[in-house]
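One-letter residues, chain by chain:
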Amino acid sequence: MTLNKPHVLLTGGAGYIGSHTYVALVEAGYQPVILDDFSNSHPVVLDRLQHLTGQRVVCERGDVLHTGLVTEVLQRHGCVAAIHFAGLKAVGESVEQPLRYYRTNVGGLVSLLQAMETADCRSVVFSSSATVYGDPAHIPVTEQSPCMPESPYAHTKLVCENILASLKGADPSWRVGVLRYFNPVGAHPSGLIGEDPSGAPNNLMPYVTQVAVGKRAKLRVFGNDYATPDGTGVRDYLHVSDLAEGHVAAVRALLAREQSFTVNLGTGEGTSVLGVLDAFERASGQPIPFEFAPRRAGDVAKYFADVSMAEDLLGWRATRSIDDMCRDSWRWQQNNPDGYRTAGNAPTSPVHSLRAGVASPALTGGVV
Ligand code: NAD
Ligand code: UD1
């Protein structure tokens with residue numbers, strides 16, 4: 001039944017953004033193929049994807065650094081494109097473990113591209129980040145703004161973008177879509193899939209939802225003396241379902257119009273930390289206790305995206321509001337107070353283990 005659908009490899013497809021993109025791709029008539037080592041995801045997500053899409057989930061367990069495995073997956077499924085989500089994403093951790101970040105993020109991309117070349121699959125979408133801009137001088141941030149990464153994580157993203165540009169320069173048959181995400185938040189409206197951070201969240205929205213559900217006492221608002229209307233940091237929050245649809249638009253553009261691009265994905269609107277708290281309290285009916293704390297090192301005061309290029313090139317624009325983001329984040333957190341590890345969430349979907357070369361038996365819980 002899936003034979004005629006274009007197959008798209010999703011490295012890191014079991015993670016937060018990858019799982020939402022999986023659903024959006026199925027809805028758009030594609031057959032996504034997940035390759036994930038489950039180092040930062042849980043196999044229960046596969047059951048949830050099966051439930052949401054009404055079809056068997058295609059997932060291979062493996063490390064994107066294993067070029068031979070990636071080649072085998074691309075060839076076996078006849079993939080026509082890949083979206084590269086797999087990687088490490090914690091800014092603070094990247095400062096402490098730069099080699100691990102370069103190896104996984106940069107090495108992972110090189111491995112994927114080598115496998116794609118062997119498999120004769122030359123359309124790739126790359127998960128980049130607005131963090132490549134550093135502290136932008138002009139707002140809204142356009143794609144022409146200078147890239148001035150400040151953390152090892154941000155540097156890995158820019159190195160990856162440069163690798164893709166070099167490859168395209170050497171072989172014009174490559175089609176490359178670089179997506180610079182602003183601040184993805186929210187969850188699927190079903191409450192079945194969402195962001196599942198391990199340990200204390202670094203980012204605002206998952207911290208707020210954990211306060212709301214009683215897992216954390218209060219939010220610390222980092223800085224109330226920025227040059228912004230209420231003194232707190234302003235960001236361009238983007239619903240993860242809008243972001244997922246942006247990936248569908250990117251794959252469609254690469255395959256149909258044979259076009260390469262680098263675009264911002266955001267809403268084009270800024271919301272302050274206190275603005276997020278207001279919206280969250282409205283959406284959830286829960287008061288969020290907070291205190292002001294010193295500025296967090298490395299934070300910038302304010303940025304949001306110029307999104308006109310995404311609209312012009314991809315015909316995509318975000319449609320969901322900050323209230324939608326808060327409502328869906330809250331539903332996910334309420335239904336899954338401990339994320340995918342919440343009691344009663346034992347996974348049942350088999351995960352194919354490439355290393356073993358066979359389907360593993362049904363998993364019974366815990367991280368595989
Ligand atoms: P995530 O951690 O939820 O998902 C990443 C997935 O990749 C996980 O399922 C993990 O198990 C898998 N993975 C990690 N290393 C792997 C490896 N070597 N081989 C195979 N699988 C591996 O992260 P996310 O939030 O979904 O982010 C996806 C991508 O988007 C990342 O590249 C991240 O840098 C980028 N990004 C994320 C954000 C954000 O706020 N979430 C913002 C900008 C860019
Ligand atoms: C952070 C990363 C960025 C990454 C992005 C992913 C840093 C310096 N930057 O961006 O590289 O791409 O996450 O989404 O880590 N805040 C609080 N209290 C909290 C958490 C956050 O007040 O407990 C504030 C921050 O100061 C900021 C805003 O909330 O003003 C958003 O923070 P966050 O969600 O971490 O995103 P970024 O800082 O934009």
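What comes next concerns the included structure. (Residues numbered from 1 in each chain as written. Chains lettered and ligands numbered in written order. Predicted model: local features only at pLDDT ≥ 70, side-chain atom pairs only at ≥ 80, totals over all residues. Heavy atoms only, no water.)

### Brief notes about the overall build of the chain
And step 1. If you tally the helices and strands in the chain, you get 11 helices and 15 strands.
And step 2. The C-alpha atoms of the chain give a radius of gyration of 20 Å, which matches the 21 Å a tight globule of 368 residues would have.
And step 3. Sorting the 368 residues of the chain into buried and exposed places 54% on the buried side.
And step 4. Of the contacts made within the chain by residues no fewer than 6 positions apart, 79% connect residues no fewer than 24 positions apart.
And step 5. Split by element, the accessible area of the chain, about 15300 Å² in all, is 51% carbon and sulfur.
And step 6. Averaging the locations of the 30 positively and 36 negatively charged side chains of the chain gives two centres separated by 4 Å. (Helix = DSSP H or I, 4+ residues; strand = E, 2+ residues; numbered from the N terminus. Rg over C-alpha atoms; globule rule 2.2 N^0.38 Å. Buried < 20%, exposed > 50% of the residue type's maximum accessible area, 1.4 Å probe, protein only. Contact = heavy atoms within 4.5 Å. Areas by Shrake-Rupley, 256 points an atom, 1.4 Å probe, with all protein chains shown as cover. Lys, Arg positive; Asp, Glu negative; His and termini not counted. Charge placed at Lys NZ, Arg CZ, Asp CG, Glu CD.)

### Focus: the site of ligand 2
And step 1. Close to ligand 2 lie 19 residues; Arg220, Phe222, Arg235, Arg296 and Asp299 are nearest.
And step 2. Contacts to ligand 2 include Ser129, whose side-chain N or O atom sits 3.2 Å from an oxygen atom.
And step 3. Protein burial of ligand 2: of its 730 Å² of free accessible surface, 88% is covered by the chains.
And step 4. In terms of residue count, strand 8 (residues 219-222) provides more of the shell around ligand 2 than any other element does, four residues in total.
And step 5. Residues belonging to the shell around ligand 2 are distributed by class as follows: eight nonpolar, seven polar and four charged. (Near = heavy atom within 4 Å. Polar contact = N/O pair within 3.5 Å; in protein donor to acceptor, adjacent residues only side chain to side chain. Nonpolar A, V, L, I, M, F, W, Y, C, P; charged D, E, K, R; others polar.)

### Focus: the nonpolar core
And step 1. Judged by nonpolar contacts, the single largest core of 46 residues is most densely connected at Leu179 and Leu314.
And step 2. Going through the elements one at a time, strand 1 (7-11), helix 1 (16-27), helix 2 (44-53), strand 4 (79-84), strand 6 (175-181), helix 8 (240-257), strand 11 (261-265) and helix 10 (308-314) are the ones with two or more residues in this core.
And step 3. Once residues within four sequence positions are removed from consideration, Leu314 is found in contact with Leu179, Gly246, Ala249, Ala250, Ala253, Arg257, Phe261, Val263 and Met309.
And step 4. Among the nonpolar cores identified, the runner-up in size contains 26 residues, and Cys79, Val124, Leu164 and Leu167 belong to it. (Core = buried A, V, L, I, M, F, W, Y, C linked by side-chain atoms within 4.5 Å.)

### Topic: the environment of Phe126
And step 1. Mapped onto the fold, Phe126 is located in strand 5 (residues 123-129).
And step 2. C-alpha of Phe126 to C-alpha of Trp330: the two residues are 204 residues apart in sequence and 29 Å apart in space.
And step 3. Setting aside residues no more than four positions away along its own chain, Phe126 makes contact with His84, Leu109, Lys157, Cys160, Glu161, Leu164, Gly177, Val178 and Leu179.

### Quick word on the pattern of salt bridges
And step 1. Applying the stated rule across the entire model yields 18 salt bridges.
And step 2. For the salt bridge of Lys218 with Glu291, the shortest nitrogen-to-oxygen distance reads 3.1 Å. Here the residue Lys218 occupies a position in the loop between helix 7 (204-212) and strand 8, and Glu291 occupies one in strand 13 (residues 290-293), the gap between them amounting to 73 residues.
And step 3. Taking relative accessible area as the criterion, Lys218 reaches 37% and is therefore assigned partly exposed.
And step 4. By relative accessible area, which is 31% here, Glu291 ends up partly exposed.
And step 5. For Asp324, the salt bridge goes to Arg327, with nearest N and O atoms at 3.2 Å. Taken as a pair, Asp324 and Arg327 lie in helix 11 (residues 322-335) at a separation of three residues, close to a single helical turn. (Salt bridge = Lys/Arg side-chain N within 4 Å of Asp/Glu carboxyl O.)

By themselves these figures say nothing about function.
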